[in-house]
Amino acid sequence: MTAPDRDALVHAIGRTIVADPAAADGDWDGYALIADYTSGSRRLSGFRYRDGEAPRPATPRAPALESALDALREATRTEGKAPWSVCIVRIQRATAKVALEFAYDADAAQWHVTPARLGEIAERARPRG
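**Q** Summarise the nonpolar core; cite the residues concerned and give the values.
**A** Among the nonpolar cores identified, the biggest contains 23 residues, and Ile13, Ile17, Tyr31, Leu33, Leu65 and Leu69 are the most heavily contacted of them. Going through the elements one at a time, α1 (3-19), α2 (21-24), β1 (30-36), α3 (63-75) and β4 (86-92) are the ones with two or more residues in this core. No other element matches α3, which puts five residues into this core.

Here it is as structure tokens:
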């Protein structure tokens, strides 16, 4: 896959997220989605952010998003190496900027969302201007 194709895929992921009722229903400045593949399956955790307020859970359910994330995982894979284990998608609403962060292997554990770590991880994922 070419770089422009990967860029188009990233933008499609961003559009799918903001069109999903989880993100579309609400007033937010930023959005973060954590796609975690560490357990051998895909687990999504999404959060809406409003400046100065606590994060609000908002995980999209669009099947097209899941397919696009799977495609992104393959498209960004380095030959001869394992694909990323976690992808954090951050969106700034005002600028429509979509930024990605990837975590591999042991670094991915820091993004594993559990009830005990939900608040801490949601804050760490918060998009920054």
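**Q** Before we move on, could you go through the sheet that holds strand β3 (residues 56-57) and cite the residues and values that matter?
**A** Here we have five strands laid out as an open sheet, ordered β3-β2-β1-β4-β5, and antiparallel in their pairing. Each edge of the open sheet carries a strand with a single partner, namely β3 and β5 (97-103). Lying over the sheet, α1 contacts β1, β4 and β5, oriented at roughly 70° with respect to β4.

**Q** Let's hear about the packing of aromatic side chains: which residues, and what values?
**A** Describing an aromatic ring pair means giving the distance of the ring centres and the angle of the ring planes. Going through the model one piece at a time under the given rule, you end up with three aromatic pairs. Look at tyrosine 37 and tryptophan 84: their rings are 5.4 Å apart centre to centre, the planes differ by 85°, and that puts the pair in the edge-to-face class. Here tyrosine 37, found in the loop between β1 and β2 (43-49), pairs with tryptophan 84, found in the loop between α3 and β4; they are 47 residues apart in sequence, far enough to count as distant. On the basis of an interplanar angle of 25° and a centroid distance of 5.4 Å, the ring pair of tryptophan 84 and phenylalanine 102 is categorised as stacked. Placement of the pair is tryptophan 84 in the loop between α3 and β4 and phenylalanine 102 in strand β5, with a sequence separation of 18 residues. Judged by relative accessible area, which is 29%, phenylalanine 102 ranks as partly exposed. An aromatic cluster is present here, built from Tyr37, Trp84 and Phe102 joined pairwise through their rings. Seen from the ring of tryptophan 28, arginine 93 lies directly overhead, with NZ or CZ sitting 4.4 Å from the centre.

**Q** Give me the pairing of β1: which residues, what numbers.
**A** Burial analysis of β1 places seven of its seven residues in the buried class, the great majority of the element. Sheet topology places β1 next to β2; seven bridges connect them, and they run antiparallel. In the strand pairing of β2, aspartate 36 is matched with arginine 43. The turn linking β1 back onto β2 is made up of six residues, and glycine 40 within it adopts a positive phi angle of 90°. Strand direction decides the pairing type here: β1 and β4, joined by seven bridges, are antiparallel. Residue pairing for β4: glycine 30 is matched across the bridge by glutamine 92.

**Q** Give a detailed account of the pairing of β5, specifying residues and quantitative values.
**A** Where a strand is regular, its side chains alternate between the two sheet faces. Inspection of the sheet shows β4 paired to β5 by seven bridges, in the antiparallel sense. Its bridge partner lying in β5, valine 89 is registered against leucine 100. What sits between β4 and β5 in their antiparallel hairpin is a turn of four residues, with alanine 96 showing a positive phi close to 60°.

**Q** Account for α3, with residues named and values stated.
**A** With 13 residues, α3 ought to run about 18 Å at 1.5 Å a step, and its terminal C-alpha atoms sit 18 Å apart, in line with that. Looking at the buried side of α3, the elements it contacts are α1, β1, β2, β4 and β5.

Each value, and the rule that gives it
Residues numbered from 1 in each chain as written. Predicted model: local features only at pLDDT ≥ 70, side-chain atom pairs only at ≥ 80, totals over all residues. Heavy atoms only, no water. Core = buried A, V, L, I, M, F, W, Y, C linked by side-chain atoms within 4.5 Å. Buried < 20%, exposed > 50% of the residue type's maximum accessible area, 1.4 Å probe, protein only. Helix = DSSP H or I, 4+ residues; strand = E, 2+ residues; numbered from the N terminus. Pairing = 2+ DSSP bridges. Contact = heavy atoms within 4.5 Å. Axes fitted to C-alpha atoms, helices over the stretch in contact; angles between N-to-C directions. Phe/Tyr/Trp six-rings, centres within 6.5 Å; stacked < 30°, edge-to-face > 60°. Lys NZ or Arg CZ within 6 Å of the ring centre and 35° of its normal. Expected span 1.5 Å × (residues − 1).

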